Amino acid sequence: MRIREMVKSFKPYRVLEGNYRIWLDKNENPFDLPPEIKEEIMEELRKTPFNRYPHITADPLREKIAEFLGFEKENVIVGNGSDELISLILKLFEGKHIIVSSPSFRMYDFFAKLEGTDLVDVPLDEHFNLQNVEDYAENAKAIFICSPNNPTGNIQKREKIISVLESGVPVILDEAYIEFAKKSNVDLVNEYDNLIVLRTFSKAFGLAGIRVGYAVASEEVIDYLHRIKAPFGLNSLSMKTAELMLDHYDLVKQNINYIIKERERIYKEFRGYAYPSEANFLLLRLDAYEFLLEKGIVVRKLSGRLDGHIRVTIGKKEENDELIGALNEFIERF
Ligand code: PMP
């Protein structure tokens, strides 16, 4: 039996393993939860019956998120990371193709390919702003807008987002990094029932390991999404942890402010090479991936249109100091 000819063929994950000191490659939050909050979570978990299924649609967490954002529970769906929700959204809508704007988050392409959906790429312009995506809206399944955009860090203008929404096609506005930006567009959900805003606990909330993401949309869209979602999808442990972190938003906010301050410090240092960012990372026009790796610092190497660029996650001050030192050495040498 030739398995290779019987399966959908994708590249395997490449995992970089090694004794590297500083990991600035996955846009993670550099701060783990302080011990007292972990203790509080443990206490909650002790009270949680492990023999019982969690709430079928994770309503306790949906309620907390809704309250946090000023929406109703019916406007929120939670998933195993926002990645799961991207895949779910692609399953829900009819249509021939999705529209993406490269360079952007590659998981949109990945899930589209998995679903057998065609991809139309309307690349971002030279300032990484959206171009005429509306022109390709006919028969589209969805239009993806990532703002702040990964890996470029910039946000898209509100007027442009509205113009895309006016096409009437489902628009997925990925706000994974929005807590590091000046302003969200989640309020547009009140006006546009074709808007789905994606958010995550993996970045600003520092909970990448517990895998919780959510989407905010009209009641109708959320209801349809729930109908195709596996029941009990979010485990009790992750649900409780995310709920508790919403009660500690003061700490989350403190970390956000720290990261923004550090981001601006690194940006100023490499102004000639860095692009302005409203996320927890910076895009740098420096071909320093291997050089940094030799120094024990892991960043993201970019390719294609961003060949010769790296994306660096903002870390703790000490880590950023090392990064700055190493990059200055790279610039002097090359
Ligand atoms: N959207 C964007 C733009 C991202 O960069 C990421 C994570 N790298 C995600 C969504 C997915 O986040 P998660 O699945 O951890 O919620």
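Computed from a prediction, not measured in an experiment: that's the story for all the values here.

Calculation criteria
Throughout this document, residue positions are counted from 1 along each chain, in the order its sequence is written. Only residues with pLDDT of 70 or above have their local features reported here, since the model is predicted, and side-chain atom pairs are shown and tallied only from 80 upward, although totals for entire chains, interfaces and linings are computed over all residues. Note that water and hydrogens are dropped before the side-chain values are worked out from all heavy atoms of the structure. Secondary structure follows DSSP: runs of H or I at least 4 residues long count as helices, runs of E at least 2 residues long count as strands, and numbering of each begins at the N terminus. Per-residue accessibility, obtained with a 1.4 Å probe over protein chains only, is compared with the maximum for each type, and a residue is labelled buried under 20%, exposed over 50%, and partly exposed between these values. Think of it this way: DSSP has to see at least two bridges between two strands before they count as a pair.

This part takes up unusual backbone geometry. In this chain, S102 is followed by P103 through a cis amide linkage whose omega measures 0°. The amide bond that connects S147 to the next residue, P148, takes the cis arrangement and shows omega of 0°. One can find P148 in the loop between strand 5 (140–146) and helix 6 (158–165). Of note, N27 is a non-glycine position whose phi angle comes to about 55°, a positive value. Tracing the sequence through the fold places N27 in the loop between strand 1 (22–23) and helix 2 (35–47). In this structure, R211 is a non-glycine residue whose phi angle is positive, near 60°. On the secondary structure map, R211 appears in the loop between strand 7 (195–200) and strand 8 (213–216). Relative accessible area serves as the criterion here: at 30%, R211 is assigned to the partly exposed category.

So, on to the sheet that holds strand 12 (residues 310–313). Strand pairing in a sheet relies on backbone hydrogen bonds. The paired strands run either parallel or antiparallel. What the three strands build is an open sheet, ordered 9-12-11; its pairing is antiparallel. At either end of the open sheet lies a strand with only one pairing partner, and these are strand 9 (281–284) and strand 11 (300–301). Sheet topology note: the strand 11/strand 12 ladder contains two bridges and is antiparallel. When the bridges of strand 12 are listed, K301 appears paired with I310.

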